[in-house]
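# A closer look at the structure
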Amino acid sequence: MFSPQGPSLGELCVQALSSVERGYDLLAPKFDHTPFRTSEGVLGATTRALAELGPFDDGLDVCCGTGAGMRVLGPLCRGRTTGVDFSAGMLAQARGAHPDATWVRADARALPFVDAFDLAVSFGAFGHFLPAERPALFEGVYRALRPGGLFAFAIGAPPPATSAWHWAALGFDLVMRVRNAVWRPPFVMYYRITPLPALRADLTAAGFAATTEPLTDLGSRRDGSPRCWLVLARKPAVTS
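Residues numbered from 1 in each chain as written. Predicted model: local features only at pLDDT ≥ 70, side-chain atom pairs only at ≥ 80, totals over all residues. Heavy atoms only, no water.

### As for the overall build of the protein
A count of helices and strands for the protein gives eight helices and seven strands. Against the 2.2 N^0.38 benchmark of 18 Å for 240 residues, the protein shows a C-alpha radius of gyration of 17 Å, consistent with a compact globule. Seen along its three principal axes, the alpha-carbon backbone of the protein occupies a region of about 50 × 45 × 35 Å. The 240 residues of the protein split such that 46% are buried. In the protein, 66% of the contacts between residues at least 6 apart in sequence involve partners at least 24 apart. Both charge centroids of the protein, one from 23 positive and one from 21 negative side chains, sit 4 Å from each other. (Helix = DSSP H or I, 4+ residues; strand = E, 2+ residues; numbered from the N terminus. Rg over C-alpha atoms; globule rule 2.2 N^0.38 Å. Buried < 20%, exposed > 50% of the residue type's maximum accessible area, 1.4 Å probe, protein only. Contact = heavy atoms within 4.5 Å. Lys, Arg positive; Asp, Glu negative; His and termini not counted. Charge placed at Lys NZ, Arg CZ, Asp CG, Glu CD.)

Right, dumping it as structure tokens:
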């Protein structure tokens, strides 16, 4: 499926009936050959936008997967770059692709870092966290950043209700809710639980000053609004 090197439909079904961690362990060797990997377009647009705010010293990729975020951190950070994920399989792929980075296995809801980084990024991971889990995630990123540090991530604009993508996402989330109601362990992955206003509210509650800017490189929708936004959450330079 997706490409000759990608997973088969059967392999994806096995993944979907596993836990999130086990599912990604299974998918890891073929993950970069699926559309689930963050696109080069998003990575490049994010890098160019953040370059105007840097350079930075140490960088962290939260829920790093196979390490695509290193394509952003590498050009922007003068110090060490670190990726954190709870899937050993995904980390093994990341380590092979980026041997000069540091890789840490940990749950993003309990990040083991304090005042250690100047820039944190995350790509495509928030659908794996229920709304009640986001405060712990964002509070952990806040602790991991030094005063004045920046947490940045891209988020796509929701498709209009007339779009096939809107109904596809709605249908996917419904299927996953039914699956998680009748099958254990759960596989948490929902497309419609990360609206921008809710993310900004959670970031503010964690202590960040959050703003957004359009990623104009990724184009606009028919109504002229951006297809994708970059969320910039800044930890205050002086913390109380």
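From this point, the discussion proceeds with the structure in view.
### As for the sheet that holds strand β5 (residues 145-156)
Spatially, seven strands are ordered β3-β2-β1-β4-β5-β7-β6 in an open sheet, and the strand pairing comes out mixed. The open sheet has two edge strands, β3 (102-105) and β6 (209-214), and neither has a second partner. With direction set aside, neighbouring strand axes in the sheet form an average angle of 20°. Bridge count for β5 against strand β7 (residues 228-234) is seven bridges, and the pairing is antiparallel. If you follow G156 over to β7, its bridge partner there is C228. Across the sheet, helix α5 (residues 88-97) touches β2 (81-85) and β3, and the angle it forms with β3 is around 175°. (Pairing = 2+ DSSP bridges. Axes fitted to C-alpha atoms, helices over the stretch in contact; angles between N-to-C directions.)

### Re a nonpolar patch on the surface
Among the surface-exposed residues, L17, L174, V178, V182 and W183 lie close enough to one another that they form a single nonpolar patch of about 510 Å² accessible area. Mapped onto the secondary structure, L174 falls in helix α7 (residues 164-182). Residue classification places L174 among the exposed positions, given a relative accessible area of 56%. (Patch = residues over 30% accessible without salt bridge, like charges linked within 9 Å, V, L, I, M, F, W, Y side chains within 5 Å. Areas by Shrake-Rupley, 256 points an atom, 1.4 Å probe, with all protein chains shown as cover. Salt bridge = Lys/Arg side-chain N within 4 Å of Asp/Glu carboxyl O.)

### Concerning the pairing of β5
Relative to β5, strand β4 (residues 117-122) is paired through five bridges, and the arrangement is parallel. If you follow V121 over to β5, its bridge partner there is A152. Regarding topology, helix α6 (residues 134-144) serves as the crossover connection from β4 to the parallel β5, and that connection is right-handed. (Right-handed = clockwise from strand over helix to strand, strands pointing away.)

### Quick notes on the packing of aromatic side chains
A complete count under the given rule lists ten aromatic pairs for this structure. Plain terms: the ring middles of Y142 and F208 are 5.1 Å apart, the flat faces sit at 80° to each other, and that makes the pair edge-to-face. Here the residue Y142 occupies a position in helix α6, and F208 occupies one in the loop between α8 (196-206) and β6, the gap between them amounting to 66 residues. Here Y142 and F208 have matching classes, each one buried. (Phe/Tyr/Trp six-rings, centres within 6.5 Å; stacked < 30°, edge-to-face > 60°.)

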